Amino acid sequence: MSRFFSEKYRSLVPYTPGEQPKELNLIKLNTNESPFPPSPKAVEFAKREAEKLQLYSDPECRDLVKTASDYFGVSQNEILFTNGSDEILNFAFMAFCDGAHSAAFPDITYGFYPVFAELNGVPFEEIPLKDDFTVDVNAFCGVNKTVFIANPNAPTGIALSLSDIEKIVKSNPDNIVVIDEAYVDFGAESAIKLIHKYDNLLVTGTFSKSRSLAGGRLGFGIANEALIKDLNTVKYSTNPYNVNRMTMAAGVGAIEDNEYFVNNCREIANTREYASEELQKMGFELTSSSANFIFAQSNKIDGKTLYLKLKEKGILIRHFDKERIKNYNRITVGTKEQMDLLLGAIKDINEEIV
Ligand code: PMP
């Protein structure tokens, strides 16, 4: 740390992203990317747009907003695009949290929430998941804080029902409830349909997972017009051109190629069920995942050792040091072939340790 670093950030512990190795021969099941390339239409649109990179991107993202608002069934004033959904989440902390509106989120959830809270000087409460790793819905009801819930949750993959989400939103009328739907397309129900019923609901989403655009960085928020206006005030006060031209065009292509998206989501959900069953046969205990990853604990080997042994064999999964989940690993659902290689490697490891 230099002697110039602001007092505000001196104790900040930044988010640690999953490893992004350069070696392409690794099987990468650690950051919940799609195993499939972007839609050919997304690639074609992005390539075309590359020829106009001398011009700034449209700060209003008009083409993308039009396509997306039709797709999601909301008006064009009810959606805002950002540089990945990390950016809209940070905007939400900036816009809707302060000393009087502290934040609340589960103790086991997306690791960026506490970092955004610290970054923005927002006090926060981590509400423990229940013993079965489900979100404690009653504990969030009437909590009177700005609520952040990933649905499905990460890294457990467990989804809340829409009625539980509604209970939380309804019981906190004076606070914003942010539902982070990064993984919703793999098997949970979206809360977007509730935004006209509740003025305190913000739903965030991403093109990083189900639409294979993690490297393009495209996220969004959907809420009533007044909330989107607030978020735009933050956006125009930080980075008006937050979504680049190529990504914006790729986003349009990705939405228009709906069949590609639907097929990929279905394929990933099927592969998740297949790999889950096989892992259970090998003695793993799993949460019930509605996401594009599996959260699993072996009855033969601790989480960290399994992670390290798989890494030696060229397979990357995600291990978290947090006490409550240290025996678990989060395994991104890859292609069926990748999952077979993973299952084979785990079988070999199990044989090595007996
Ligand atoms: N929310 C959750 C729950 C996530 O796991 C992630 C991915 N790390 C994000 C949001 C952010 O994803 P992105 O910025 O790529 O949209």
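Cut-offs and rules
All residue numbers here refer to positions counted from 1 along the written sequence of the relevant chain. Predicted model: local features are reported for residues with pLDDT of at least 70 only, side-chain atom pairs are reported and counted for 80 or more only, and whole-chain, interface and lining totals are derived from all residues. Only hydrogens and water are set aside; all other atoms, that is, all heavy atoms of the structure, feed into the side-chain values. Counting from the N terminus, the helices are DSSP H or I runs at least four residues long and the strands are E runs at least two residues long. Within these notes, the globule rule equals 2.2 Å times the number of residues to the 0.38 power, and the radius of gyration is based on C-alpha atoms. Here the term buried applies to any residue with accessible area under 20% of the maximum for its type, exposed to any over 50%, and partly exposed to those in between, with areas from a 1.4 Å probe on protein chains only. Whether two residues are in contact is decided by their heavy atoms: any pair within 4.5 Å suffices. Positive charges come from Lys and Arg, negative ones from Asp and Glu, while His and the chain ends are left out of the count. Here the site of a charge means NZ on Lys, CZ on Arg, CG on Asp, or CD on Glu. The definition of a nonpolar core used throughout is a set of buried Ala, Val, Leu, Ile, Met, Phe, Trp, Tyr and Cys residues joined through side-chain atoms within 4.5 Å. Domain start and stop positions are those given by an automatic or database domain assignment. Whether a residue is near a molecule or strand depends on its heavy atoms: if one lies within 4 Å, it is near. N or O atoms closer than or at 3.5 Å make up a polar contact, with two conditions inside protein: a donor-capable atom paired with an acceptor-capable one, and, for residues adjacent in sequence, both atoms drawn from side chains. Only the protein chains shown count as cover for residues, and all accessible areas are computed by the Shrake-Rupley method using a 1.4 Å probe. Joining two parts hides part of their accessible area as seen by a 1.4 Å probe, and the buried area is that hidden amount summed over both. Whenever a carboxyl oxygen of Asp or Glu lies within 4 Å of a side-chain nitrogen of Lys or Arg, that contact is scored as a salt bridge. Amino acid classes used here: Ala, Val, Leu, Ile, Met, Phe, Trp, Tyr, Cys and Pro are nonpolar; Asp, Glu, Lys and Arg are charged; the rest, including Gly, are polar. Fitted lines through C-alpha atoms give the axes, limited to the stretch in contact for helices. The angle between two N-to-C directions lies from 0 to 180 degrees. For any helix crossing, the convention is left-handed if the near helix is rotated counterclockwise from the far helix by under a right angle, and right-handed if that rotation is clockwise. Strands were regarded as paired on the criterion that DSSP finds at least two bridges between them.

As for the overall build of the protein chain
Helices and strands together make up the secondary structure of the protein chain, namely 11 helices and 13 strands. For a compact globule of 354 residues, the expected C-alpha radius of gyration is about 20 Å, and the protein chain comes in at 20 Å, within 12% of that figure. Within the protein chain, the proportion of its 354 residues that are buried is 54%. For the protein chain, long-range pairs separated by at least 24 residues make up 72% of all intrachain contacts whose partners lie at least 6 apart in sequence. Of the charged side chains in the protein chain, 38 are positive and 49 negative, and the gap between their average positions amounts to 3 Å.

Some thoughts on the nonpolar core
Among the nonpolar cores identified, the biggest contains 51 residues, and L64, F81, F140, I149, I168, L201 and F207 are the most heavily contacted of them. At 6 residues, helix 8 (residues 245–256) tops the list of elements feeding residues into this core. Each of two domains, domain 1 (18–36 + 259–353) and domain 2 (40–256), supplies a minimum of three residues to this core. When neighbours within four sequence positions are excluded, F140 is seen to be in contact with A104, F105, P106, I127, V135, V147, I149, I168, S171 and N172. By size, the runner-up hydrophobic cluster in this structure holds 33 residues, among which are Y183, I331, M339 and I349.

Remarks on the site of the ligand
Inspection of the region around the ligand gives G84, S85, D86, L89, Y110, D180, A182, Y183, T206, S208, K209 and R217 as its neighbouring residues. One of the side-chain nitrogen or oxygen atoms of Y110 is found 3.2 Å away from a nitrogen atom of the ligand. Taking D180, its side chain carries an N or O atom lying 2.6 Å from a nitrogen atom of the ligand. Considered on its own, the ligand offers 400 Å² of accessible surface; in the complex 91% of this is hidden by protein. At 4 residues, helix 3 (residues 84–96) tops the list of elements feeding residues into the shell around the ligand.

Topic: the domain arrangement of the protein chain
Each domain of the protein chain was delimited in the assignment, giving domain 1 (18–36 + 259–353) and domain 2 (40–256). Placing a centre on the C-alpha atoms of domain 1 and another on those of domain 2 gives a separation of 26 Å. In this assembly, 26 residues from domain 1 lie in contact with 29 residues from domain 2. Looking only at domain 1, the three residues that lose the most surface to domain 2 are F261, S290 and R324, adding up to 33% of its buried area. Counting every contact that joins domain 1 to domain 2 gives 2 salt bridges. Across the pair R324 and D107 runs a salt bridge whose closest N-O atoms are separated by 3.0 Å. Residue assignment for the side of domain 1 that touches domain 2 shows that the elements contributing at least two residues are helix 9 (258–281), strand 10 (293–298) and strand 13 (328–332). The dominant element in the side of domain 1 that touches domain 2, judged by the number of residues it contributes, is helix 9, at 7 residues. Looking at the side of domain 1 that touches domain 2, its residues break down into 12 nonpolar, 9 polar and 5 charged.

Structural notes on the packing of helix 10 (residues 303–312) against helix 11 (residues 336–353)
Two elements in contact, helix 10 and helix 11, have axes separated by 10 Å at closest approach and are oriented at 115°. The interaxial crossing formed by helix 10 with helix 11 has right-handed handedness. Two secondary-structure elements touch here, helix 10 through L306, K309 and L310 and helix 11 through L342, A345, I346, I349, E352 and I353. Here the residues of the contact of helix 10 with helix 11 are counted per class, giving 7 nonpolar, no polar and 2 charged.

Topic: the pairing of strand 4 (residues 124–127)
Pairing of strand 3 (residues 103–106) with strand 4, which is carried by 4 bridges, proceeds in the parallel orientation. By the bridge assignment, F105 is partnered in strand 4 with E126.

What about the sheet that holds strand 13?
An order of 9-10-13-12 is seen for the 4 strands of this open sheet, with the pairing classed as antiparallel. The sheet is open, and its two edges are formed by strand 9 (284–286) and strand 12 (318–319), each paired on a single side. Inspection of the sheet shows strand 9 paired to strand 10 by 3 bridges, in the antiparallel sense. Opposite E285, over in strand 10, you have Q297 as the bridge partner. Of the strands in this sheet, strand 9, strand 12 and strand 13 touch helix 10, which is tilted by about 40° from strand 13.

Considerations on the sheet that holds strand 4
Strand order in the open sheet formed by 7 strands is 2-8-7-6-5-3-4, with mixed pairing between adjacent strands. At either margin of the open sheet sits one strand with a lone partner, and together these are strand 2 (79–82) and strand 4. Adjacent strand axes in the sheet meet at a mean angle of 20° when their direction is disregarded. Both strand 3 and strand 5 (residues 146–150) contribute to a ladder of 2 bridges, which runs parallel. Bridging across to strand 5, A104 finds its partner in V147. Of the strands in this sheet, strand 2 and strand 8 (219–222) are in contact with helix 2 (residues 62–72), which crosses strand 2 at around 125°. Along the sheet, helix 7 (residues 225–236) makes contact with strand 2, strand 7 (201–206) and strand 8, crossing strand 2 at roughly 30°.

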